[in-house]
Each structure stands twice: as structure tokens, then as C-alpha cells.
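Remarks on the overall topology
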Amino acid sequence: MAHWWLEWFKDWGFPQDVAKLLLTILVLIVTWYASKYVTQMLGRRVARRFRRPSVSRTVLRIIRMSVYGVGILFIIVYIYGINGTNIVLSVTVFSAMVGVVLAPIVGSVISGLFVLADQPYEVGDMIELAETGQRGFVEDITIRYTKIFTLENTFLVVPNGSMRERDVINHSAEDTRTRYTLDIGVTYESDIEKARTLIENAAREIDGVIQGGPDIRIGSSRYPAAPTCFIDQFANSSVKLRLRYWTRDPYKPLTMRSRIQEAIWKRLEDVDVELAYPHSHVVFDETSGELNVNMTQESTVEDRPPRAPAEPEADD
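Residues numbered from 1 in each chain as written. Predicted model: local features only at pLDDT ≥ 70, side-chain atom pairs only at ≥ 80, totals over all residues. Heavy atoms only, no water.

Observations regarding the pairing of strand β10 (residues 239–247)
To keep it simple, the criterion reads: Here, a strand pair is defined by DSSP locating no fewer than two bridges between the strands. Under the scheme used here, helices are H or I runs from DSSP no shorter than 4 residues and strands are E runs no shorter than 2 residues, and both carry numbers assigned from the N terminus.
In this structure, strand β6 (residues 178–186) lies alongside β10, joined through nine bridges in antiparallel fashion. Within β10, the position partnered with R179 by the bridge is W246. The sheet contact formed by strand β9 (residues 228–234) and β10 spans six bridges and is antiparallel. Following the sheet pairing, C229 is matched in β10 by L243. Here β9 folds back onto β10 in antiparallel fashion, the turn holding four residues.

See the structure below:
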């Protein structure tokens with residue numbers, strides 16, 4: 001099929017090797033444009049069919065690589081005249097030689113297929129690596145690695161083999177509502193019931209905190225949607241209260257926590273509720289015992305006798 005192309009290049013005065021090189025470059029360019037056109041043409045259909053960005057991107061990558069494969073196969077067979085038997089033999093020998101080197105890559109590819117099938121996270125989800133505490137948004141999922149855009153404005157690329165072995169916390173899988181807790185200590189002299197009410201009202205004022213409504217169902221359990229404050233424990237120097245509140249978005253937990261604490265501080269500042277802090281009281285009474293102390297007048301420097309110089313020690 002490509003022989004007449006070679007003859008056409010030869011008619012222009014190009015040697016056979018140069019003609020093959022030019023024809024190879026031409027086929028590669030056509031293959032690149034063809035892969036781009038095919039992916040654009042099938043992109044919407046694939047997206048509607050799978051409805052998952054990670055799977056859609058993987059399918060489009062496979063289609064693109066298939067077009068590249070057809071172009072490379074055309075170059076090998078029709079331009080350079082290598083038959084199929086030699087190709088299979090060469091691939092077999094090459095695979096046997098580099099099998100050990102490619103084993104980690106193959107394992108990562110298989111893990112990537114499991115990640116795409118199990119759906120532990122999706123493109124756009126906010127996840128957290130439990131071991132390191134790194135948190136970010138899933139930017140891309142390929143069959144080899146997962147790319148995470150961290151909250152520190154950096155990219156984290158993790159092989160899928162490693163992702164399958166880690167504990168991954170998904171903060172936005174299906175329901176973005178997330179519950180957080182905040183511990184607050186007040187003194188024993190404070191009005192505990194008033195403190196609980198003020199803390200709950202302070203949390204309701206913050207934009208992003210769910211103020212109320214139907215209970216939130218998690219599995220077979222139901223939890224109040226509005227902020228609730230409970231007595232957690234009676235500590236040594238404080239009554240520990242625990243505030244539980246739900247947020248609509250899990251993307252700014254530290255900012256939300258800071259705003260709630262600021263609102264609690266302002267509400268408790270002018271009422272009969274005092275935030276506790278560690279302190280100690282030392283009390284002496286008639287049962288504390290007595291300590292006899294003799295007070296003597298210290299002599300001045302002039303009254304002290306001169307100190308004899310120390311005798312030198314003899315060498316051993």
C-alpha cells in the first residue's frame with residue numbers, strides 16, 4: 001500500500017531511506033491528528049455512557065493509544081516491511097528480557113484498574129491520606145497513578161499500587177456534609193446549662209454550619225442536624241463540654257473551627273460563664289503543720305576572717 005508513496009518520493013529525487021523517513025514523519029503527524037479527532041468525536045458519548053470522569057478519561061486514553069498503535073503498526077509493516085511473525089517474536093523476546101523491570105509498572109496498572117472499578121474516590125473529591133495527614137482534591141486518576149492537588153497548592157502523584165495499600169479518607173464521596181467536634185472547658189462555678197445554650201447558638205451564627213432541619217441519617221443511625229453541646233466529662237479543673245456541628249462543605253475545617261471559637265469567645269465574655277484553664281490553689285491552715293526557722297544575722301564581708309589559701313596537692 002505504501003509502495004506507491006515511496007515511488008512518489010523517489011520521483012522527486014529522494015533516496016529510499018530518506019523517503020521512508022519522510023513517510024514515517026507524515027504518518028505520525030496524521031496519526032496524531034486522527035487520535036485527537038477521534039477523542040473529540042467520541043468524548044461526549046463516552047462521558048454520557050460511563051458518567052464517571054476517571055473512567056471516561058481512561059477510556060479516551062485507551063482509544064488514543066489504540067490509534068497510535070495502528071499508526072505505528074502501519075509504519076512497521078507497510079513502510080519498513082517487517083512481517084507479523086518477526087514482530088511477535090521480537091515482542092516476546094523483549095518482554096522476557098524486561099519483564100522484571102516492567103513488573104512494578106504492570107502491578108501499578110492492575111491496581112489502577114482496581115481503583116477505577118472499586119470507586120473509592122473520584123475526580124474532584126476531597127480526600128485525605130490517613131498516614132501522612134495530607135489533604136487535597138483528586139485532580140486525575142490514570143491506570144498508573146493518582147494525582148492530588150493539595151491544599152498547599154502543590155501536586156502529589158501517588159502510584160495506584162500505593163494508594164490501594166493506604167487508608168484514604170474521602171470527605172466528599174456522596175454527601176459533602178461533615179460533622180466536626182470542638183471541646184470547650186468551663187469552670188465549675190459557671191452556669192453549665194447557660195454555657196451549653198450559648199455555645200450552640202454561637203455555632204448556629206456561622207455561615208456554612210447547618211443550623212437545623214431534619215436529622216441527618218448515617219447508615220441506620222440518625223443525628224441532630226443542628227449544633228448540639230453535651231457534657232463530656234468532669235475534669236480536674238473544668239467541666240469539659242463537647243460541641244458537635246455539621247458543615248455543608250468539608251473544604252475549610254480550620255477556618256470554620258476558628259470562626260466558631262471566636263463566636264463562642266464573644267458570647268461567653270459578658271455572661272456568668274468562665275472558660276477554664278489549668279491553675280492551682282495552695283491553702284495553709286491549722287492542719288498544715290509548723291516549720292521552725294532560726295533567723296541569724298549574717299556577718300558582713302569585713303567581719304569575716306581571711307580565708308587561708310589552699311595548699312597545693314602533691315603530684316602522684
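Alright, that's what it looks like, and here's the rest.
What to know about the sheet that holds β9
Here is the rule we go by: Each axis is a line fitted through C-alpha atoms, taken for helices only over the stretch in contact, and angles between the N-to-C directions span 0 to 180 degrees. The contact criterion used throughout is that any non-hydrogen atoms of two residues lie within 4.5 Å.
Strand order across the open sheet formed by three strands is β6-β10-β9, with antiparallel pairing between neighbours. Of all the strands in the sheet, the pair left with one neighbour each is β6 and β9. Neighbour-to-neighbour, the strand axes of the sheet open up by a mean angle of 25°, direction not taken into account. Running over the sheet, helix α7 (residues 253–269) touches β6 and β10 and is turned about 35° from β6.

So, the UniProt feature "transmembrane region" (unreviewed entry) in the protein
Our working definition: UniProt positions are given in the numbering used here, feature names are shortened, and annotations may be inferred rather than shown by experiment.
When the UniProt feature table is mapped onto this chain numbering, "transmembrane region" (unreviewed entry) sits at residues 20–38, 59–81 and 87–116. When the span residues 20–38 is considered, its composition is 100% helix and 0% strand, and the gap between its end C-alpha atoms is 26 Å.

Concerning the nonpolar core
Using the following cut-off: In this description, a nonpolar core means a group of buried Ala, Val, Leu, Ile, Met, Phe, Trp, Tyr and Cys residues linked to one another through side-chain atoms lying within 4.5 Å. Buried residues are those whose accessible area, probed at 1.4 Å on protein chains only, stays under 20% of the maximum for their type, while exposed residues exceed 50% and partly exposed ones sit between those limits.
L241, L243, Y245, I260 and I264 are the most contacted members of the largest nonpolar core, which has 23 residues in total. Within the residue set of this core, elements represented by two or more residues are β6, α6 (192–204), β10 and α7. Top contributing element to this core by residue count: α6, with six residues. Setting aside residues up to four positions removed in sequence, L241 forms contacts with L182, D183, I184, V186, I192, A195, R196, I199, C229, F230, I231 and D232. Grouped together as the second largest cluster of nonpolar side chains are ten residues, V123, V138, I148 and L156 included.

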